[in-house]
Amino acid sequence: MAERLRVSLQVNGSPADLWVDPRTTLADLLRDRLGLTGTHLGCEQGVCGSCTVLLDGRTARTCTTLAAQADGGAVWTVEGLSPASGLSRLQEALSEEHGLQCGFCTPGFVAAATELLAATRGGSLDEDAVRERLSGNICRCTGYQGIVDAVLTVWAEGAVALPGADAVRTGLDAGELTGPPELTPAPVGEPPPDPGERRPAAVAAEVLAHVAVFAAGALAGAAALRRRRR
């Protein structure tokens, strides 16, 4: 069994300290361990964007980010990007502009749009830039126009205080907003041996185990066939 890892991070401004399996994703940590189910899981391959959060001031896909990679980081989910009561101005605009229907993708769009609005504050933003930046988030309901209009509405209102926006890296042009930075997993003791350097005895044992499983399956199938012929 793999050694469990201790992960310490800030989530929506509050400290969290947990022990996790090395394979635990950030999405599973947020949803299953911390109860922050606003982070939705869609494709679980980093494509649809529904699981997007802010990690150290940049958007990140939690389904493909290991919890250990976020150790020492600061995470903002849709729960933290919402005020204590009511809606943020961005969320209000999404409602006003009909930028959501089923709502499954909305948490990811809120995170991505918050990053875009905060990071480009004081710069320039147009419809093409919004569409380009939000192209990593998929919506199957709205046709995107309402979402784009909502972002541009908030932008046109000037400096609007959005929850979690202070955590976003600022001073970037919209074209500079690329993917999140590469992260290094937390160390897990001694690294595992290279599979290419396994000892011959270990390789032979693995081959024999596979042969035994195949032989057992074949014998069981033959026995079942004989019983059916009786």
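It should be noted that the structure appears before, not after, this text.
Below you will find a few notes about this structure. Since this is a predicted model, take the numbers as computed values, not measurements. (Residues numbered from 1 in each chain as written. Predicted model: local features only at pLDDT ≥ 70, side-chain atom pairs only at ≥ 80, totals over all residues. Heavy atoms only, no water.)

Attention now moves to the side chain of Thr62. Summarising the element assignment, Thr62 is placed in the loop between strand S4 (58–61) and strand S5 (74–76). Side-chain polar atoms of Thr62 contact the backbone oxygen of Cys51, separated by 2.9 Å. When neighbours within four sequence positions are excluded, Thr62 is seen to be in contact with Thr25, Leu26, Ala27, Leu30, Thr39, Cys51 and Val53. (Helix = DSSP H or I, 4+ residues; strand = E, 2+ residues; numbered from the N terminus. Polar contact = N/O pair within 3.5 Å; in protein donor to acceptor, adjacent residues only side chain to side chain. Contact = heavy atoms within 4.5 Å.)

The next subject is the pairing of S4. Of the two faces of S4, the one lined by Arg58 and Ala60 and the one lined by Thr59 and Arg61 are each fully buried. Sheet topology note: the strand S3 (residues 52–55)/S4 ladder contains four bridges and is antiparallel. Across the sheet, the residue bridging to Leu55 is Arg58, located in S4. Taking the residues between adjacent antiparallel strands as the criterion, S3 and S4 are bridged by two residues, where Asp56 takes a positive phi near 55°. (Buried < 20%, exposed > 50% of the residue type's maximum accessible area, 1.4 Å probe, protein only. Pairing = 2+ DSSP bridges.)

Moving on, we come to the nonpolar core. Grouped together as the largest cluster of nonpolar side chains are 30 residues, with contacts concentrated most on Leu90, Leu117, Leu125, Val130, Leu134 and Val151. Element by element, the count of residues in this core is highest for helix H3 (residues 106–119), at nine residues. Those residues in contact with Leu134 that sit more than four places away from it in its chain are Phe109, Ala112, Ala113, Ile147 and Val151. Within the second largest apolar cluster, 18 residues are counted, among which are Val11, Ala16, Leu29 and Ala70. (Core = buried A, V, L, I, M, F, W, Y, C linked by side-chain atoms within 4.5 Å.)

The next point concerns the sheet that holds strand S2 (residues 14–20). Taken in spatial order, the five strands of this open sheet run S2-S1-S5-S3-S4, and their pairing is mixed. Only two strands of the sheet have a single partner each, and these edge strands are S2 and S4. Going from strand to strand, the sheet's axes swing by 40° on average, the running direction of each strand aside. The sheet contact formed by strand S1 (residues 5–11) and S5 spans two bridges and is parallel. (Axes fitted to C-alpha atoms, helices over the stretch in contact; angles between N-to-C directions.)

Here we come to the packing of helix H2 (residues 89–96) against H3. What describes two packed helices is the angle between their axes and the distance between those same axes. Interaxial distance between H2 and H3 falls to 10 Å at its minimum, and their mutual angle equals 120°. In terms of orientation, H2 and H3 fall into the oblique class. In terms of crossing hand, the pair formed by H2 and H3 is right-handed. For the pair H2 and H3, contact is made by Leu90, Gln91 and Leu94 and by Thr106, Val110, Ala113, Thr114 and Leu117, respectively. Considering only residue class, the contact of H2 with H3 consists of five nonpolar, three polar and no charged. (Parallel < 35°, antiparallel > 145°, perpendicular 65-115°, else oblique. Left-handed = near helix turned anticlockwise from the far one by under 90°. Nonpolar A, V, L, I, M, F, W, Y, C, P; charged D, E, K, R; others polar.)

What follows covers the environment of Arg58. Mapped onto the fold, Arg58 is located in strand S4. Among the residues examined, Arg58 registers a relative accessible area of 8% and is labelled buried. A distance of 3.1 Å separates a polar atom in the side chain of Arg58 from a polar atom in the side chain of Glu115.

Keep in mind that these numbers describe shape and distance, not what the molecule does.
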